[in-house]
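Each chain is listed here by its residues.
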Amino acid sequence: LIEPGGTIIEGTSGNTGAGLAIAAIAKGYRCIFTTTDKQSQEKIDVLRGLGAEVLVCPTNVEPEDPRSYYSVARRLSEEIPNSIYLNQYDNPSNAQVHYETTGPELWEQTEEQITHFVAGAGTGGTISGTARYLKEQNEDIDVIGVDPNGSVFYKYFHEGVFDEDEIHPYFTEGVGEDIIPENMDFDIIDDFVQVEDKSAMQMTRRIAREEGLFIGQSCGMALAGAAQWLDDHRSELSPEDIVVVLFPDSGFRYLSKTYNDEWMRNHGFLEKKPDVTADEVVNLRRKQTDVISASPDDELGDVIEEMTDKGISQMPVIDDDHEVVGSVTETGILNHLI
Ligand SMILES: Cc1ncc(COP(=O)(O)O)c(C=O)c1O
C-alpha cells in the first residue's frame, strides 16, 4: 500500500496515533495526524514526542467541513504521494483486531464466565470487534455501549435516527461521534446508555482515589454508564454474573484536565466550595490561638491520648500560674521509652 519511507495519515483523538507513531518508527514511516482542539495537550505532546507531525483542527465544525479533522486527513492523503489514510472509523482492521485480541483475552481471563461487557464507543472498533467474538462464544452475553451526551450513537441505537440536533460540544475525549462509523455495528449491541461529562469526570477521579487505578476520562464514563445500567437492571442480575468494563487509557493524559481541580471547577464538574466570609476567617484564627496544653500533674498516658486525639506531635506544659514549665513531644516520649 505504501513504500518504505511513506507517510501514514490519520485522524485521531491521540491514542490510536500514539500506537501508529510507535509502529511507524519501527517500520520507517513518517506520520501526520489530524486531531481536534478539544484533545488534551498531553496527548498532542506525546504524538509530537514520538516524532509525528500534528495538525490541530477545530472541534465544532461539521464532519464535511473542509476544516474538520476528517476532511483535512483525507485531503492530505490525496495530496501527499506515497501516503495512506488509515481511517480508523471505516477501516475493518480496527474492529478485526479487537475480535482477534481483546475478545479472546476477556473470554480467557474470565475463564469463559463473562456475562456482560460494557465499553465506550468512538470509532466503534473496540465494542463491535470484542462483542462479535464474545457473542460467538456465548450469545447470551450482554453488550452495553456507553455514549457521552452530545454524541449521536445513543439516539441512533434507540430510535434508528441520525439526529443532528443531538450533536453538541462535550468534554469527554475519545468517545462519541458526529458520524456513524462503519466500524460501529449496532446489531450486536444489546443496549446503549448515555452519560453526562460531569458524571464521567467525577467517576474518573473516584476510581483513582478509591481503587488506585489512574485512568482516563472515557474509562470513568464507561464505569458511570455501567453503574447506571446495572442499577436499572438490578432485578435481572445474579451474584455469579461477571461484568467487564473496559478502561482504554491512563490518567497521565488528563493531568491538566480531569485531575486538575481548577479545570474541574471552571467547567462546573466539581461542586464549588462555599465562599468563606472574613468573619469566619477571624473566628477561625481566634480558635487556633487556644493552645492545647498539659499540666504538670497530668498522667503521661492521658497526654499521649490527647495528642493522638488532636493529631498533634507536641504540647507545652503550663502550670497553675500560666507559666510554661516544659513540653511533651513525640520524640521526647520515644527517647524515654527506648
Ligand atoms: C480514550 C479513548 N477511549 C475510548 C475510545 C473508543 O474506542 P473505539 O474507537 O474503539 O470505539 C478511544 C478511541 O480512540 C479512546 O482514545
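Throughout this document, residue positions are counted from 1 along each chain, in the order its sequence is written. Given that this is a predicted model, residues contribute local features only at a pLDDT of at least 70 and side-chain atom pairs are listed and counted only at 80 or more, while totals for whole chains, interfaces and linings are drawn from all residues. Side-chain metrics rest on all non-hydrogen atoms present in the structure, leaving aside hydrogens and water.

Student: Outline the overall build of the chain, supporting the account with residue identities and numerical values.
Tutor: Strands are runs of DSSP state E lasting at least 2 residues, helices are runs of H or I lasting at least 4, and numbering of each runs from the N terminus. Scanning the chain for helices and strands turns up 12 helices and 10 strands. Since a compact globule built from 338 residues should have a radius of gyration of about 20 Å, the 28 Å found for the chain marks it as more spread out than a globular shape. With 338 residues in all, the chain has 44% of them scored as buried. The long-range share in the chain, meaning contacts at least 24 apart out of those at least 6 apart in sequence, stands at 65%. Accessible surface is estimated by sampling points in the Shrake-Rupley manner with a 1.4 Å probe; for residues, cover comes only from the protein chains shown. Of the roughly 18,800 Å² of accessible surface on the chain, a fraction of 49% belongs to carbon and sulfur atoms. One finds the centroid of the 25 positive side-chain charges in the chain at a distance of 7 Å from the centroid of its 64 negative side-chain charges. The globule rule used for comparison is 2.2 Å times the number of residues to the exponent 0.38, while the radius of gyration itself is calculated over C-alpha atoms. The buried label goes to any residue with under 20% of its type's maximum accessible area, the exposed label to any with over 50%, and the partly exposed label to all in between, with areas taken from a 1.4 Å probe on protein chains only. Between two residues, a contact is recorded if the distance between any of their heavy atoms is within 4.5 Å. His residues and chain termini do not enter the charge count, which takes Lys and Arg as positive and Asp and Glu as negative. Think of each charge as sitting on NZ of Lys, CZ of Arg, CG of Asp or CD of Glu.

Student: Please set out helix 1 (residues 15-27) residue by residue, giving values where relevant.
Tutor: One full turn of an α-helix is made of 3.6 residues, so residues set three or four places apart face in the same direction. Compared with an ideal rise of 1.5 Å per residue, which puts 13 residues at 18 Å, helix 1 spans 19 Å between its outermost C-alpha atoms and is within 8% of the ideal. Taken together, the buried positions of helix 1 are occupied by Gly17, Ala18, Leu20, Ala21 and Ala24. All buried residues of helix 1 fall inside an arc of 165° around its axis, so they share one side. Turned more than 90 degrees from where helix 1 packs its buried face, Ile22, Ala26 and Lys27 sit exposed. Turning to helix 1, the residues buried within the fold contact strand 1 (7-11), strand 2 (30-36) and helix 2 (41-49). At the C-terminal side of helix 1, Gly28 shows a positive phi close to 80°. By this rule the span expected of a helix is its residue count minus one, scaled by 1.5 Å. The arc in question is the one traced by the directions running from the helix axis out to the C-beta atoms.

Student: Can you tell me about the sheet that holds strand 8 (residues 243-245), naming the residues and giving the values?
Tutor: Paired strands are those between which DSSP finds at least two bridges. Pairing is parallel in the open sheet, where four strands are placed in the order 7-6-5-8. The sheet terminates laterally at strand 7 (191-195) and strand 8, the two strands that pair on one side only. Geometrically, the sheet is characterised by an average inter-axis angle of 20° between neighbouring strands, direction not taken into account. Both strand 6 (residues 142-148) and strand 7 contribute to a ladder of five bridges, which runs parallel. Of the residues in strand 7, the one forming a bridge with Ile144 is Asp191. Lines fitted to the C-alpha atoms define the axes, with helices restricted to the stretch that makes contact. Angles between their N-to-C directions range from 0 to 180 degrees. Where helix 5 (residues 125-137) meets the sheet, its contacts fall on strand 5 (116-120) and strand 6, and the angle it forms with strand 6 comes to roughly 170°.

Student: Describe the domain arrangement of the chain, with residues and values.
Tutor: In terms of domains, the chain is made up of domain 1 (7-85), domain 2 (92-266) and domain 3 (278-337). Residue ranges assigned to the domains are those given by an automatic or database domain assignment. Distance between the C-alpha centres of domain 2 and domain 3: 53 Å.

Student: Provide a residue-level description of the site of the ligand, including the pertinent values.
Tutor: Proximity criterion: a residue is near a molecule or strand once any of its heavy atoms comes within 4 Å of it. If you check the shell around the ligand, you find 15 residues, and the closest are Gly122, Thr123, Gly124, Thr126 and Ser218. Here a polar contact is taken to be a pair of N or O atoms separated by no more than 3.5 Å, where protein atoms must pair a possible hydrogen donor with a possible acceptor and residues adjacent in sequence count only if both atoms sit in side chains. Take Gly124: an N or O atom from its main chain is 2.9 Å from an oxygen atom of the ligand. Between the ligand and Ser218 there is a distance of 2.6 Å, counted from a nitrogen atom to a side-chain nitrogen or oxygen. When the ligand is considered free in solution it has 390 Å² of accessible area, and contact with the protein chains removes 92% of it. For the shell around the ligand, the secondary structure elements donating two or more residues are helix 1 and helix 5. Classifying every residue of the shell around the ligand gives four nonpolar, 10 polar and one charged. Gly counts as polar in this scheme, as do all residues outside two lists: the nonpolar Ala, Val, Leu, Ile, Met, Phe, Trp, Tyr, Cys and Pro, and the charged Asp, Glu, Lys and Arg.

Student: With reference to specific residues and values, describe a negative patch on the surface.
Tutor: A cluster of acidic side chains, namely Asp297, Asp298, Glu299, Asp302, Glu305, Asp309, Asp320, Asp321 and Glu323, defines a negative patch on the protein surface. The topology assignment puts Asp298 in the loop between helix 10 (278-288) and helix 11 (300-310). Like-charged residues within 9 Å of one another, or nonpolar side chains (Val, Leu, Ile, Met, Phe, Trp, Tyr) within 5 Å, are grouped into patches, provided each residue has over 30% relative accessible area and no salt bridge. Put simply, a salt bridge is a Lys or Arg side-chain nitrogen that is within 4 Å of an Asp or Glu carboxyl oxygen.

Student: Can you tell me about the state of the cysteines, naming the residues and giving the values?
Tutor: In protein chemistry, a disulfide is the covalent bond that joins the sulfur atoms of two cysteines. Here, a disulfide means two cysteine sulfur atoms that sit within 2.5 Å of each other. Applying the stated criterion across every chain, the model contains zero disulfides. Cys31 takes part in no disulfide bond, and the closest cysteine sulfur, belonging to Cys57, lies 16 Å away.

Student: Describe the environment of Gln314, and please don't skip the residues or the numbers.
Tutor: Tracing the backbone through its elements, the reader meets Gln314 in strand 9 (residues 314-318). On a C-alpha basis, the gap between Gln314 and Gly125 in space is 60 Å, while along the polypeptide they are 189 residues apart. With residues up to four places along the chain from it excluded, the contact list for Gln314 reads Met307, Val328 and Thr329.

Student: I'd love a proper account of unusual backbone geometry, names of residues and values included.
Tutor: With the exception of glycine, most residues fall at negative phi, and the peptide bonds are largely trans. Notably, Asn87 is not glycine yet its phi reads approximately 50°, a positive angle. As for its position among the elements, Asn87 is in the loop between strand 4 (83-85) and helix 4 (92-109). Look at Glu111: it is not a glycine, yet its phi comes out positive at around 50°. Within the secondary structure layout, Glu111 lies in the loop between helix 4 and strand 5. You can call Glu111 exposed: its relative accessible area is 63%.

Student: Before we move on, could you go through the pairing of strand 10 (residues 324-329) and cite the residues and values that matter?
Tutor: Pairing between strand 9 and strand 10: five bridges, direction antiparallel. Opposite Gln314, over in strand 10, you have Thr329 as the bridge partner.

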